[in-house]
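Here are the chains, one letter per residue:
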Amino acid sequence: MILDEQKHKNLYRRYYQGRIKDYDSSKAIFKGWSYLTTQPIYAYFYAKDGGKVSEYVLKTGINVFNANCDTDFYKLKRYAIENDVTWLNYDIIERLKTEDWVYVFDGDDKRSEVLDILKDLGYDGFFNYEYSDKMQKKL
């Protein structure tokens, strides 16, 4: 799905990113990805005391994977079939629509693999529902 904030009613929508004090990108688990939210309070949660919350506005279109978009859903499904990624089945991809990816993939290893796939497919980012209801119940 192509998001172009300049053409949608969300013109100049603000996005936020929270980083802890002395953040070091070389130590990030997922290199090359920026995690943004529309909620400044959520970004503050990640910044913790002494950290920093940055504000961003998209100026150009970006290609964001959204499992709720049929085109994106079936593009990932087709990739999994064509490349014999058997664990990335229909049910797993379906859960990405409403559940936290860490919960769906039971950790970071498989999520990291899917992020690599999304980069190969040309995506700049992805939508994730953090702390979804099912994850909260499990916790």
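Being a predicted model, the structure only gives us computed values, none of them experimental.

Quick look at the overall build of the protein chain
From N to C terminus, the protein chain includes 6 helices and 5 strands. Within the span of the protein chain, comprising 139 residues, buried residues form 35% of the whole. In the protein chain, 69% of the contacts between residues at least 6 apart in sequence involve partners at least 24 apart. Of the accessible surface of the protein chain, which amounts to about 9,300 Å², a share of 50% is contributed by carbon and sulfur atoms.

Details of the environment of S112
Here S112 shows up in helix 5 (residues 108–120). Spatially, the C-alpha atoms of S112 and K31 are 9.8 Å apart, while their sequence positions differ by 81 residues.

Some words on the side chain of D100
Take D100: it is sitting in the loop between helix 3 (90–95) and helix 4 (101–104). Nearest to the buried, unbridged D100 among oppositely charged side chains is R111, at 5.1 Å. Within the structure, the side chain of D100 is placed 2.8 Å from the backbone nitrogen of V102, a separation counted as a polar contact.

A look at the nonpolar core
If you look at the biggest cluster of nonpolar residues, it comprises 22 residues, and the most contacted ones within it are F65, L76, L88, W101, F105 and L118. Broken down by secondary-structure element, the contributors of at least two residues to this core are helix 2 (70–82), helix 3, helix 4 and helix 5. When residues no more than four places from it in sequence are discounted, the contact partners of L76 are F65, L88, I93, L96, I117, L118 and L121.

A short note on the confidence of the model for the protein chain
Mean pLDDT over the protein chain stands at 82; residues scoring 70 or higher make up 83%. Here residues 5–9 is modelled with pLDDT under 50, and outside its nearest four sequence neighbours on either side it reaches 10 contacts, counting other chains as well.

Some details on the packing of aromatic side chains
A full pass over the atoms with the stated rule returns 10 aromatic pairs. Here F65 and W101 contribute two aromatic rings whose centre-to-centre distance is 6.0 Å and whose plane-to-plane angle is 75°, an arrangement assigned as edge-to-face. Here F65 is found in strand 4 (residues 62–65), whereas its partner W101 is found in helix 4, with 36 residues between them in sequence. The pair formed by F65 and W101 is uniform in burial state, with each residue classed as buried.

Digging into the pattern of salt bridges
Throughout the structure, instances matching the rule amount to 4 salt bridges. A salt bridge links E55 to R14, with the shortest nitrogen-to-oxygen separation between them at 2.7 Å. Remark: R14 occurs in strand 2 (residues 14–19) and E55 occurs in strand 3 (residues 52–57); sequence separation between them is 41 residues. Residue R14 is classed as partly exposed on the basis of its relative accessible area of 41%.

What counts as what
Residues numbered from 1 in each chain as written. Predicted model: local features only at pLDDT ≥ 70, side-chain atom pairs only at ≥ 80, totals over all residues. Heavy atoms only, no water. Helix = DSSP H or I, 4+ residues; strand = E, 2+ residues; numbered from the N terminus. Buried < 20%, exposed > 50% of the residue type's maximum accessible area, 1.4 Å probe, protein only. Contact = heavy atoms within 4.5 Å. Areas by Shrake-Rupley, 256 points an atom, 1.4 Å probe, with all protein chains shown as cover. Lys, Arg positive; Asp, Glu negative; His and termini not counted. Salt bridge = Lys/Arg side-chain N within 4 Å of Asp/Glu carboxyl O. Polar contact = N/O pair within 3.5 Å; in protein donor to acceptor, adjacent residues only side chain to side chain. Core = buried A, V, L, I, M, F, W, Y, C linked by side-chain atoms within 4.5 Å. pLDDT = per-residue confidence, 0-100. Phe/Tyr/Trp six-rings, centres within 6.5 Å; stacked < 30°, edge-to-face > 60°.

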